[in-house]
Amino acid sequence: MKKKEFVTQDLLSKIYQNSAPGPRKLPPERQLAQEYGVSRFTIRQALEKLASIGVVRIVQGSGIWINEQARNNPLVYNSITEKRFDQIRFRMVSLHKKRPNRDEQQIFGLSDESFIWQFCRLRFVDEQAVQIEISRMPVEGFADLNQQVIERSLQQYVLSKGYQISHLLTTYRAVNVSREQAALLGCKKGSPAMHISNRGILEGGQVYEISDIIDINYSCTYVIPHNRENLTFRQGGG
């Protein structure tokens, strides 16, 4: 993921992680550039992206204001969640513990000395492999993660720990399947697929999981409330 895309997604995640009432602002460009270790130009590109989709307003001389109305975009169902649990199963491909890189430290709020789990699993729907999922979770709080958990519901596992899940932040991008991915999924190299990036966020704002999914049979349906302010903005009216 390019730095501009990472900063955009991380800022969007943090906007949703913080549910404090009242008007909210992001830190200034210079501070964000220092926090992410990138140029102010990269930060500006990320902020322009957030502004273009109506998440923030950049007010000259005032700051970067968060549009609270941007939170009202719920996902109804997708090609996985519309299936019954008895139609879905997982198979773990790998599991190991590692030190987080800088991006992972930023997402989870971890130090250099912390550890995270990284695992790969295949998701089967109606006995057909349709997804490869590579996920990371902090070891702290999930020390007993194992194959049995990975081949079941991660959300149920998180809830069983006493945590409350707030929401998921999801990004979609069309891709083609690589040779290695095709071998796992039993399809042809170059087949069209959806790259789905997920962040699971707990009540209070802590990220508990990040995942990258390659899905060869993905569809989704949203209900999006009419946003008159955003329509006016996109039409150049303010």
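- An unreviewed UniProt entry lists the protein under the name GntR family transcriptional regulator, with Kosakonia cowanii JCM 10956 = DSM 18146 as the source organism.

### Side note on the sheet that holds strand 5 (residues 88-98)
Point 1. Read from one edge of the open sheet, six strands run 5-6-7-10-9-8, paired in antiparallel fashion. Two strands lie at the open edges of the sheet, namely strand 5 and strand 8 (165-176), each paired on one side alone. Here the average twist between neighbouring strands, direction ignored, is 15°.
Point 2. Two strands pair when backbone bridges link them, and strand 8 and strand 9 (residues 192-202) are joined in this way by eleven bridges, in the antiparallel orientation. Looking at strand 9, one finds that Arg-173 is bridged to His-195.

### Points about the environment of Ile-66
Point 1. As for its placement among the helices and strands, Ile-66 is situated in strand 3 (residues 63-66).
Point 2. Take Ile-66: its relative accessible area is 9%, and that puts it in the buried class.
Point 3. On a C-alpha basis, the gap between Ile-66 and Val-55 in space is 6.1 Å, while along the polypeptide they are eleven residues apart.
Point 4. Once you skip the residues sitting within four places of it in the chain, Ile-66 turns out to touch Ile-15, Arg-24, Lys-25, Leu-26, Val-55 and Val-56.

### Observations regarding the nonpolar core
Point 1. Of all hydrophobic cores here, the largest spans 28 residues; its most connected members are Val-7, Ile-15, Tyr-36, Ile-43 and Val-56.
Point 2. Of all the secondary structure elements, the ones that give two or more residues to this core are helix 1 (3-17), helix 2 (29-36), helix 3 (40-52), strand 3, helix 4 (102-108) and strand 10 (207-215).
Point 3. The biggest single contributor to this core is helix 1, with six residues.
Point 4. Both domains that meet at this core, namely domain 1 (3-72) and domain 2 (85-222), each give it at least three residues.
Point 5. Excluding residues within four positions of it along the chain, Val-7 makes contact with Tyr-36, Val-38, Ile-43 and Ala-46.
Point 6. One finds Trp-117, Met-137, Leu-145 and Ile-150 within the second-largest nonpolar core, a separate group that totals 14 residues.

### Observations concerning the sheet that holds strand 2 (residues 56-59)
Point 1. Ordered in space as 1-3-2, the three strands form an open sheet in which the pairing is antiparallel. Whereas interior strands pair on both sides, the edge strands pair on one side only; in this sheet they are strand 1 (25-26) and strand 2.
Point 2. Note: strand 2 against strand 3, four bridges, orientation antiparallel. Its bridge partner lying in strand 3, Arg-57 is registered against Trp-65.

### A word on the side chain of Ser-114
Point 1. Tracing the chain through its elements places Ser-114 in the loop between helix 4 and strand 6 (116-125).
Point 2. Note on Ser-114: relative accessible area 17%, which makes it buried.
Point 3. Polar side-chain contacts of Ser-114 include one of 3.2 Å to the side chain of Ser-111.
Point 4. With residues up to four places along the chain from it excluded, the contact list for Ser-114 reads Lys-98, Arg-99 and Pro-100.

### Looking at the environment of Gln-106
Point 1. For Gln-106, the position within the fold is in helix 4.
Point 2. We classify Gln-106 as partly exposed; its relative accessible area is 22%.
Point 3. Sequence-wise, Gln-106 and Asp-10 are 96 residues apart; in three dimensions their C-alpha atoms are separated by 8.4 Å.
Point 4. When sequence neighbours within four positions are dropped, the list of residues in contact with Gln-106 reads Phe-6, Asp-10, Lys-14, Glu-35 and Tyr-36.
Point 5. Engagement of the side chain of Gln-106 in a polar contact is seen with the side chain of Asp-10, the distance being 3.5 Å.

### Things to note about the domain arrangement of the protein
Point 1. Looking at the assigned domains, one finds that the protein contains domain 1 (3-72) and domain 2 (85-222).
Point 2. Taken over C-alpha atoms, the centre of domain 1 sits 25 Å from the centre of domain 2.
Point 3. The partner domain 2 presents twelve residues to the 13 residues of domain 1 that form the contact.
Point 4. With both chains or domains summed, domain 1 and domain 2 bury close to 1,100 Å², and 47% of this area falls on carbon and sulfur atoms.
Point 5. When residues of domain 1 are sorted by the area they lose upon contact with domain 2, Phe-6, Gln-9 and Gln-17 head the list and together hold 42% of the total.
Point 6. Applying the counting criterion to the domain 1 and domain 2 interface returns two salt bridges.
Point 7. For Asp-10, the salt bridge is made with Arg-199, and the minimal N-O distance between the two is 2.7 Å.
Point 8. Run the count over domain 1 and domain 2 and you get five residue pairs in polar contact (both at pLDDT 80 or more).

Parameters at a glance
Residues numbered from 1 in each chain as written. Predicted model: local features only at pLDDT ≥ 70, side-chain atom pairs only at ≥ 80, totals over all residues. Heavy atoms only, no water. Pairing = 2+ DSSP bridges. Helix = DSSP H or I, 4+ residues; strand = E, 2+ residues; numbered from the N terminus. Axes fitted to C-alpha atoms, helices over the stretch in contact; angles between N-to-C directions. Buried < 20%, exposed > 50% of the residue type's maximum accessible area, 1.4 Å probe, protein only. Contact = heavy atoms within 4.5 Å. Core = buried A, V, L, I, M, F, W, Y, C linked by side-chain atoms within 4.5 Å. Domains from an automatic or database assignment. Polar contact = N/O pair within 3.5 Å; in protein donor to acceptor, adjacent residues only side chain to side chain. Buried area = accessible area lost by both parts, 1.4 Å probe. Salt bridge = Lys/Arg side-chain N within 4 Å of Asp/Glu carboxyl O.

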